[in-house]
Every structure is written in C-alpha cells, then in structure tokens.
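Structure at a glance
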Amino acid sequence: HGFAQPGDIPTTFGPLILCIISTIHQKLKEKNIEMLHRPYSTIDQCSGIVQHWQTTNNSKLPQDISFGDQDITMLLPRQKDLWRRCSSVHRERTQIVFYVHIGWSLLEAAMRNLFVLANGCPNRQLTAEHDEFYTTFNEMLSFELNDGKPNKLIPILGDSCLQLFYDVLILPSGPRLRDRLSHGELDISSWIENTQDTAANSALRVTVFLLSCIHKKTKAFTEERNSPEDFVY
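Being a predicted model, the structure only gives us computed values, none of them experimental. (Residues numbered from 1 in each chain as written. Predicted model: local features only at pLDDT ≥ 70, side-chain atom pairs only at ≥ 80, totals over all residues. Heavy atoms only, no water.)

**With respect to the confidence of the model for the protein**
Definition in use: The predictor rates its confidence in each residue with pLDDT, a number between 0 and 100. Each helix corresponds to a stretch of at least 4 residues labelled H or I by DSSP, and each strand to a stretch of at least 2 residues labelled E; elements are numbered beginning at the N terminus. Throughout, a residue-residue contact means that at least one pair of heavy atoms, one from each residue, lies within 4.5 Å.
On average, residues of the protein carry a pLDDT of 77, and 79% of them reach 70 or more. Within the protein, no element has a lower average pLDDT than helix 3 (residues 79-92), which sits at 66, and none a higher one than helix 1 (residues 13-30), at 92. The model gives residues 228-233 a pLDDT under 50, and that stretch makes 17 contacts with residues more than four places away or in other chains.

This is the structure in structure tokens:
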C-alpha cells in the first residue's frame, strides 16, 4: 500500500519469503496434497479502457512523464529513489512488471498524501498496523468519508482522472489492476517474456498518467494554499 520506503524492510525479508514458500511446497509434497489452481485473470480490458478514455476526453495518455526531484512533493523522501528507477525502466520499456508493481504502490502513497491534505485528516496517514484502520484506494475514491462528510479529494481529482481510477480499479467488470497485481492473480511471466504485450503496456501507460495526474494536482493544491509544509512524514 505504499507505506514503506527503501531501507524500512530488512534485506533478509526477501530470502525469508522464498524459504517459506519452498517449505510449504515441500510439506504439501510430503503429504501428497495436490493444489487446485484457478485460471489466471487477465487485464485485457486495459487496452479498451485506454482507447475509450482517449476518445471520451479527446486526448492521449502520455507515453512518458518527467519532473525534477525538487517537485516530487507527494512522495516520501526515500521513495523518490524508487521513482527515479521506475522512470528509467519506463523510458527503456524494460522490466514492465517492476514498474507497474512499484508504480502503483507509489501512486497509492502519493494519493493518500493528497487525500490527507484535502480533507485535513493527518490521522489517516497512519501506516499499515494490524490493529488500526488505514486508508486505501477504496476510501480515497469514496464520495463520502466514514463520518458522512463529503470527500474533498473527489473534486480535486476531476472527472477524467476519477473516471480512469474507477475503470481500472473499481468496476467489477474492469481489470481491477491493483487487486489482481497484489493478490497474484495475473500471469505476469508473459510481461517479462514479451515487453510488447499490449495489456501490460496499457497498464504501464495508465500508471504513468495517474502518477502524473496526482503529482500535478498535489502541486497545484499546495501552491494554492501556499503551504507545502503541510506534508508531515
């Protein structure tokens, strides 16, 4: 959900996860337990969503975005390093899986910061604790907050940006990109083998555009209020 920065998670965590997976596999094998695997989901709808959005808004999604480090106000300090890596990967059209995975985490973190600023609720910037309710896309894209008050982020996002978020994340018949990526429902091996994969590249363009959108709206919002110091990490 974009709470962690580089250095927050010990380097031993990755090998530990691989060890756990290998151990589970071995235990299942010893007990002769066969897993029934459901088919992978697809995000083929991403291509149609991009085309529909471009037609509806009479505009094209950008192929690339760039802005200086001093302007990345919507990310945590060490998350900027991740953004630089993502930008490099995107320009070279390699490691699409890396970009889309990390890009959506950064996007959620950036959008959460704007949500907190817009609604004046710094308590909603809490990290992901097991005993605390924390803010995710579902809450950020709701028209009302939990207390029934209107979500002030919605008018800031605007119709075109909001439409793309709903199409990609929320609609039951849509690709539900964030959910399926995070829950391992996509066969991302095809993205690794084929960097020209249409659906993967559409997902990449959507990620790029929404990060750009949140960046611009955050910058405009803080400049309008003349209070960039409102970001407290």
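Now that the structure has been shown, we can carry on.
**Focus on the pattern of salt bridges**
The test is simple: The rule for a salt bridge is simple: a side-chain nitrogen of Lys or Arg has to be within 4 Å of a carboxyl oxygen of Asp or Glu. When accessible area is computed with a 1.4 Å probe and restricted to protein chains, residues below 20% of their type maximum are described as buried, those above 50% as exposed, and intermediate ones as partly exposed.
Taken as a whole, this structure holds four salt bridges when the rule is applied. One salt bridge connects Glu108 with Arg112, and the closest N-O pair in it is separated by 3.2 Å. On the criterion of helical spacing, the pair formed by Glu108 and Arg112 is a turn pair, its members being four residues apart in helix 4 (residues 96-119). The same class applies to Glu108 as to Arg112, namely buried. Note that Arg176 is salt-bridged to Asp179, the shortest N-O span being 3.7 Å. The class for Arg176 is partly exposed, based on a relative accessible area of 23%. One connected set of salt bridges, linked through shared partners, spans Glu108, Arg112 and Arg178.

**What about the packing of helix 2 (residues 45-57) against helix 10 (residues 198-225)?**
Spelled out, the test is: Angular values range over 0 to 180 degrees, each being the angle between N-to-C directions of two axes fitted as lines to C-alpha atoms, with helices fitted over their stretch in contact. To sort the angles, those under 35 degrees are grouped as roughly parallel, those over 145 as roughly antiparallel, those from 65 to 115 as roughly perpendicular, and the leftovers as oblique. Polar here means any residue outside two lists: the nonpolar Ala, Val, Leu, Ile, Met, Phe, Trp, Tyr, Cys and Pro, and the charged Asp, Glu, Lys and Arg; Gly therefore counts as polar.
With their axes 8 Å apart at the nearest point, helix 2 and helix 10 run at an angle of 50° to one another. On the basis of the axis angle, helix 2 is oblique to helix 10. Contacts between helix 2 and helix 10 involve Cys46, Ser47, Val50, Trp53 and Gln54 on the former and, on the latter, Thr198, Ala199, Ser202, Ala203, Arg205, Val206 and Phe209. Split by residue class, the contact of helix 2 with helix 10 holds seven nonpolar, four polar and one charged.

**A closer look at the packing of aromatic side chains**
Operational definition: Between rings of Phe, Tyr and Trp, where Trp is taken as its six-membered ring, a pair exists when centres lie within 6.5 Å; planes separated by under 30 degrees are stacked, by over 60 edge-to-face, and by other angles tilted.
Applying the stated criterion to the full structure yields three aromatic pairs. On the numbers, 6.4 Å between centres and 35° between planes, the contact of Phe143 with Tyr166 is tilted. Here the residue Phe143 occupies a position in the loop between helix 5 (137-140) and helix 6 (153-157), and Tyr166 occupies one in helix 7 (residues 159-170), the gap between them amounting to 23 residues. Overall, Phe143 belongs to the exposed group, its relative accessible area being 51%. Take Tyr166: its relative accessible area is 22%, and that puts it in the partly exposed class.

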